[in-house]
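Now for the letters of each chain:
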Amino acid sequence: MILALSIGLLGLLALSIPVGIVLFLLGFGMDTFFSAFPLIRGLGNLVWSTSNNATLIAIPFFVLLGEILVRSGIATRTYAALDRWVSWLPGGLVHANVATATMFSATSGSSVATAATVATVAMPQAEKLGYDPRLFSGAIAAGGTLGIMIPPSINLIVYGFLTQTSIPQLFLAGLVPGIALALGFMAITAVICLIRPELGGTRRTFPLAEMLRALIQLVPIILLFTIIIGTIYNGWATPTEAAAVGVMGAIVIAALFGGVSIRMFAESLLGTVKITSMIMLVVIGASFLNFTLASAGLGRELQALLDGLGLTPTGLILVVVLIYIVLGFFIETLSLMVVTIPIIVPLVVAQGFDPIWFGILMIVLIEMALITPPVGLNLYVVQGARKSGKMSEVMVGAIPYVIAMLLMVGLLILFPGIALYLPSVLGGG
Amino acid sequence: MSDTLLHRLRRLNHGVALATGILLMACAALVLLDIVLRQLGSSFGGTDEISGYVMAIATSWGMAFTLLELGHVRIDILRGRAGRLGRALFDLFAMLTLTGTVTLIAYKCWPVVERSLANTSRANTPLETPLAWVQIPWFAGWIWFAVMAWLTFIAAARLILQGRLAEAEGAIGCFGEEEQAS
């Protein structure tokens, strides 16, 4: 069964059938060949109960929030402000790329949107100030991946939903590793630019007054993050409700600081509907596959396989990490997450690992998938915004940041507390 | 003829998606109002329930728009290496499986609505919503998706048969224009 499932999964994906549909087809296959009862009778009910869900409505809300911030020009101002603050470091504006991506991660739930935003505002600066295009674009692709780690994160909502894990706790758990990764990215940039200063363009310092003035531009984003996270941990609102608060906050901020127009608003809504339906087709497909796998007794079979292999728990985690790295070359973020959760999470949890910790580990691995060729969505997004130069330059530029992510994976395995300390102290349901 | 059909489908779903987006916005406003009221000591209750229904309806009605905007993710690994005709065949095959699957889903959703209608079921919640009221719009969204998928499939198949491969790729290819541009 496991073999048939794996071959079916990879085969159907390779045929370029939409990922959500592949999951349904696998579910039908499980039903036909491995189940004693006709499970397809439950399909309608499952589609209804998966989408009639007040937790998942957080997804369109967070997408909309990000769309509004990006389209109203707040992103551009944030970038300019952060430039004033971090460009004195070795590597200059490259740090602004990472810092802007980090701040946007804190309000938007999507990696691609974050990378696209930063790429559009940053790229024109790179040539003007003489930066190495490889490092510069690599930093944007990598920084953008933080969007799915630093809360709020759509991927963590989906993980929490499919594994029945607390979403507020997942959000808390992602905070420290997310910030640590951002700092790691900046540290690696600084080290590279100290060794080879010609990569880093001009270091610039700005007068203090200008720096302080720039600070005002950062207020909206920080405020928004505080409101979203604050309402959740004060117990005023669930993550879903906080997302709704965030949407309204973004509209107010856009009206005060940026430009609001009917056109911009309509585009934001259309973008939201498009991304939400894309995510939901995959999520509903995964729920159906989950349901058929459970009924067909996948858990028992996996356990038997594992016992046969005689792996220690640590051995298992290392194998899992390796699987994600390899699959990550070819499959992307949400798809990678959703197709593997039904199979891998039960296995890992059965070995006594914390599902929250594993969620965070999985997110780092999936972030890596976003910037590893041949299929790395963020690489393409950044390349698309550059309009010149070779794709391979972005790929080379991303390598140092892949190394930082690998270090993070190692640290998370050695010290699970990096992820689990905050949730254990603050609780958060 | 196929291109006018596709153009019409796009415009139609553009409108549907906009309406869906407005529905989601309205829901966000409702949730916010509920939070504020709760802080003031009252609440209408049932916001969670309404959010769930909105999500179900918005999800099913947004699907066709995402399809026409080429937003449903596909893995481009073999397809990207094929020639123009090869890509067209990959696209058409993927489109056919999607259309078939979605038709089956829509068909299997009907018994859910049928049962609610037959039993005049109400939700087991404070609002006691008659389930058919929310399940019929949800079900209609899946039917809409299936019909749109068939029309898109037929239009794209015609384009491919006429040898207009570039246009077919624009209709059922792998990436939307927006992603390539942004």
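About the criteria used
- Residues numbered from 1 in each chain as written.
- Chains lettered and ligands numbered in written order.
- Predicted model: local features only at pLDDT ≥ 70, side-chain atom pairs only at ≥ 80, totals over all residues.
- Heavy atoms only, no water.
- Helix = DSSP H or I, 4+ residues; strand = E, 2+ residues; numbered from the N terminus.
- Contact = heavy atoms within 4.5 Å.
- Patch = residues over 30% accessible without salt bridge, like charges linked within 9 Å, V, L, I, M, F, W, Y side chains within 5 Å.
- Areas by Shrake-Rupley, 256 points an atom, 1.4 Å probe, with all protein chains shown as cover.
- Salt bridge = Lys/Arg side-chain N within 4 Å of Asp/Glu carboxyl O.
- Buried area = accessible area lost by both parts, 1.4 Å probe.
- Nonpolar A, V, L, I, M, F, W, Y, C, P; charged D, E, K, R; others polar.
- pLDDT = per-residue confidence, 0-100.
- Phe/Tyr/Trp six-rings, centres within 6.5 Å; stacked < 30°, edge-to-face > 60°.
- Buried < 20%, exposed > 50% of the residue type's maximum accessible area, 1.4 Å probe, protein only.

S.K.: Quick question: what am I supposed to make of the side chain of A:Glu67 here?
M.R.: In this fold, A:Glu67 is placed in helix 4 (residues 58-71). Leaving out residues up to four positions away in the same chain, A:Glu67 has contacts with A:Glu267, A:Ser268, A:Gly271, A:Thr272 and A:Ile275.

S.K.: What exactly am I supposed to notice about a nonpolar patch on the surface here?
M.R.: A surface patch of nonpolar side chains, about 400 Å² in accessible area, is lined by A:Leu305, A:Leu309, A:Leu311, A:Val319 and A:Ile323. By the secondary structure assignment, A:Val319 is in helix 15 (residues 313-330).

S.K.: What exactly am I supposed to notice about the interface of chain B and chain A here?
M.R.: Often, the extent of an interface is quoted as the loss of accessible area on bringing the components together. At the junction of the two partners, chain B supplies 61 residues and chain A supplies 54 residues. Between chain B and chain A, roughly 5100 Å² of surface is buried when both sides are summed, and carbon and sulfur atoms account for 76% of that area. Put simply, chain B and chain A have one salt bridge between them. Only helix 1 (2-39), helix 2 (47-68), helix 3 (84-118), helix 4 (131-161) and helix 6 (177-181) of chain B provide two or more residues apiece to the side of chain B that touches chain A. In the side of chain B that touches chain A, the residues fall into 36 nonpolar, 16 polar and nine charged.

S.K.: Just to check I follow, could you spell out the confidence of the model for chain A for this structure?
M.R.: Detailed reading of predicted coordinates is not advised where the pLDDT is low. When pLDDT is averaged along chain A, the result is 85, and 96% of the positions lie at 70 or above. Confidence, read as mean pLDDT per element, is least for helix 7 (residues 111-128) of chain A in chain A (74) and greatest for helix 17 (residues 355-370) of chain A (93).

S.K.: I keep staring at the packing of aromatic side chains and nothing clicks. Help me out?
M.R.: Any aromatic ring pair is given by two values, namely how distant the centres are and how the planes are angled relative to each other. Inspection of the entire model under this criterion finds 13 aromatic pairs over all chains. Note on B:Trp61 and B:Trp144: the rings are 5.6 Å apart at their centroids and 35° apart in plane angle, and the pair reads as tilted. Of the two residues, B:Trp61 sits in helix 2 while B:Trp144 sits in helix 4, which places them 83 residues apart along the sequence. Arranged with centres 5.4 Å apart and planes meeting at 45°, the rings of B:Trp110 and B:Phe139 form a pair that is tilted. Linking B:Trp110 in helix 3 with B:Phe139 in helix 4, this pair joins segments that are 29 residues apart in sequence. Taking the relative accessible area as the measure of exposure, B:Trp110 reaches 35% and is therefore partly exposed. With a relative accessible area of 14%, B:Phe139 lands in the buried category. Members of the aromatic cluster, each reached through a chain of ring pairs, are A:Phe24, A:Phe28, A:Phe288 and A:Phe291.

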